[in-house]
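# Commentary on secondary and tertiary structure
Okay, here's what each chain looks like letter by letter:
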Amino acid sequence: MTQLTGKVALVTGASKGIGAAIAEALAAAGASVAVNYSSSRSGADAVVGRIAENSGRAVAVQGDVSKTEDVRRIFAETTKALGPIDILVNNAGVYAMAPLAEVTEAEYRRIFDTNVFGLLAASQAAAAQFGPDGGSIINVSSIVSRITPPGSSIYTGTKGAVDAITRVLAKELGPKRVRVNAISPGLVDTEGTQTAGFIGSEFAKGAIAGTPLGRIGEVDDIASVAVFLASNDAKWITGEVVSVSGGA
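Just so we're clear, the structure is a prediction, and the values are computed from it rather than from any experiment.

A separate point is the overall build of the chain. Along the backbone of the chain there are nine helices and seven strands. Its C-alpha radius of gyration of 17 Å places the chain within 12% of the 18 Å reference for a compact globule of 248 residues. Seen through its C-alpha atoms, the chain measures out along the principal axes to roughly 45 × 35 × 35 Å. When each of the 248 residues of the chain is scored for burial, the buried share is 49%. The contacts of the chain with a sequence gap of at least 6 include a subset with a gap of at least 24, amounting to 72%. Approximately 11600 Å² of the chain is accessible, and the part contributed by carbon and sulfur atoms is 54%. Once the 21 positive and 23 negative side-chain charges of the chain are each reduced to a mean point, those two points are 5 Å apart.

Written out as structure tokens, the structure reads:
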């Protein structure tokens with residue numbers, strides 16, 4: 001695939017899972033990719049290595065998107081290594097499930113700072129860098145903003161914010177030829193969902209039962225949609241939250 005040849009992409013939170021799959025798919029489509037990570041250098045290096053093995057171009061860039069100075073450094077290092085970006089994928093995110101009685105200020109700040117402020121800070125930096133041809137911002141949301149499961153008030157709140165911000169920024173940045181869309185995955189088999197105990201659980205069985213296509217998602221299901229939204233094939237699409245959830 002060559003639909004992204006000559007483009008530069010930055011994927012936040014790309015050392016594993018959905019972020020890693022998106023980074024590799026963008027590279028396979030011809031983009032040069034900055035693989036951002038917060039703590040797992042080995043994971044980011046592995047993604048860069050797989051991209052290089054397939055004749056792609058990528059660099060690993062450390063930074064915590066919840067911190068303004070880190071975001072500035074992420075963009076500075078990406079630009080130095082690859083050039084100004086054309087595509088931003090806001091994938092970095094954290095989550096924890098807890099009932100209302102166990103909600104704490106610290107946990108609220110931790111999750112909202114990464115999932116919402118981090119998205120805003122990276123989008124702000126990208127919008128300032130995009131050239132006259134505009135660019136594409138792709139936010140990774142979640143089906144939880146629609147199904148609102150109990151015990152997920154903070155995490156679901158962040159993803160509801162992501163959906164709303166996506167639509168706001170699409171209107172705000174449209175005159176600059178910047179498209180802003182979101183992908184809303186259902187339950188996906190990743191390192192994170194395995195570690196959290198979702199895969200193989202009663203929750204997963206219920207999710208599969210409620211999914212017309214009868215399975216949980218794979219990371220490639222999400223990555224292929226990101227490539228489409230980043231490409232010129234989606235040139236007339238903005239402000240959309242695309243559910244990629246097997247019909248759930």
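A complete count under the given rule lists four aromatic pairs for this structure. Ring geometry for Y95 and F198: centres 6.4 Å apart, planes at 35 degrees, overall tilted. A residue pair is termed long-range when its members are at least 10 positions apart, and Y95 in the loop between strand 4 (87-90) and helix 4 (105-129) and F198 in the loop between helix 7 (191-195) and helix 8 (202-209) qualify at 103 residues. Overall, Y95 belongs to the partly exposed group, its relative accessible area being 33%. Site record: aromatic cluster; members linked through ring pairs are Y95, Y155, F198 and F203.

Once that is clear, we can look at the nonpolar core. Core analysis: the biggest nonpolar cluster contains 38 residues, and I22, L26, V33 and V35 have the highest contact counts within it. For this core, the secondary structure elements donating two or more residues are strand 1 (8-11), helix 1 (17-28), strand 2 (32-37), helix 2 (41-53), strand 4, strand 5 (135-140) and helix 9 (219-230). Membership of the second largest hydrophobic core comes to 30 residues, among which are A34, L82, A122 and V180.

Bringing the packing of helix 3 (residues 68-82) against helix 4 into the picture now. Put simply, helix 3 and helix 4 touch, their axes get as near as 10 Å, and they point 40 degrees apart. Between helix 3 and helix 4, the angle is such that the two are oblique. When you trace helix 3 past helix 4, the crossing you get is right-handed. Judged by residue contacts, T68, V71, F75 and T79 of helix 3 engage F117, A121, A122, A125, A126 and Q129 from helix 4.

Attention shifts here to empty space enclosed by the protein. Tallied over the entire structure, the rule returns one cavity of 30 Å³ or more. Of the volumes computed, that of the largest cavity is approximately 30 Å³. Every residue along the wall of the largest cavity is listed here: T12, V65, N90, N91, A92, T114, N115, G118, L119 and A122. Partitioning the lining of the largest cavity into residue classes produces four nonpolar, six polar and no charged.

To continue, consider the pairing of strand 2. In terms of residue burial, strand 2 counts as a mostly covered element, since six of its six residues are buried. Burial along strand 2 is two-sided: the face carrying S32, A34 and N36 and the face carrying V33, V35 and Y37 are both buried. Between strand 1 and its parallel partner strand 2, the chain crosses via helix 1, and the hand of that crossover is right-handed. The pairing of strand 2 with strand 3 (residues 58-62) spans five bridges and is parallel. Following the sheet pairing, Y37 is matched in strand 3 by Q62. For the segment spanning strand 2, helix 2 and strand 3, crossover handedness is right-handed.

What counts, and at which threshold
Along each chain, the written sequence defines residue order, and numbers are assigned to residues from 1. In view of the model being predicted, local features appear only for residues whose pLDDT reaches at least 70, and side-chain atom pairs are presented and counted only at 80 or more, with totals across whole chains, interfaces and linings using the full set of residues. To obtain the side-chain values, all non-hydrogen atoms of the structure were included, while hydrogens and water were left out. Think of it this way: any DSSP run of H or I at least four residues long counts as a helix, any run of E at least two long counts as a strand, and we number them from the N terminus. Our radius of gyration looks at C-alpha atoms and nothing else; its globule reference is 2.2 Å times the residue count to the power 0.38. Burial classes follow relative accessibility: with a 1.4 Å probe on protein chains only, a residue under 20% of its type's maximum area counts as buried, one over 50% as exposed, and anything between as partly exposed. By definition, residues are in contact when any of their heavy atoms lie within 4.5 Å. Residue burial considers only the protein chains on display, and all accessible areas are found by Shrake-Rupley using a 1.4 Å probe. Residues scored as charged are limited to Lys and Arg (positive) and Asp and Glu (negative), so that His and the chain ends carry no count. Charge positions are represented by NZ for Lys, CZ for Arg, CG for Asp and CD for Glu. Stacked, edge-to-face and tilted labels apply to pairs of Phe, Tyr and Trp rings (six-membered ring for Trp) whose centres lie within 6.5 Å, assigned for plane angles under 30 degrees, over 60, and everything in between, in that order. What is meant by a nonpolar core is a set of buried Ala, Val, Leu, Ile, Met, Phe, Trp, Tyr and Cys residues, joined one to another through side-chain atoms within 4.5 Å. The angle between two axes is taken between their N-to-C directions and runs from 0 to 180 degrees, where each axis is a line fitted to C-alpha atoms and a helix contributes only its stretch in contact. Any angle from 65 to 115 degrees is called roughly perpendicular, while one under 35 is roughly parallel, one over 145 is roughly antiparallel, and all others are oblique. Crossing handedness follows the turn of the near helix against the far one: under a right angle anticlockwise gives a left-handed crossing, and clockwise gives a right-handed one. Buriedness for pockets is judged along seven lines, at least five of which must meet protein on both sides within 12 Å for an open set on the 1 Å grid over protein atoms alone, while cavities are sets there where a 1.4 Å probe fits but cannot get out, and lining residues have an atom within 4 Å of a point. Grid points are joined across faces, edges and corners, and a volume is the space filled by probe spheres set on the points. Throughout this entry, Asp, Glu, Lys and Arg are counted as charged residues, while Ala, Val, Leu, Ile, Met, Phe, Trp, Tyr, Cys and Pro are counted as nonpolar. The remaining residues, Gly among them, count as polar. By the criterion used throughout, a crossover qualifies as right-handed when its path from the first strand across the helix to the second strand runs clockwise, the strands pointing away from the viewer. By the convention used here, strands pair only if DSSP detects at least 2 bridges between them.

Nothing here speaks to function; it is geometry throughout.
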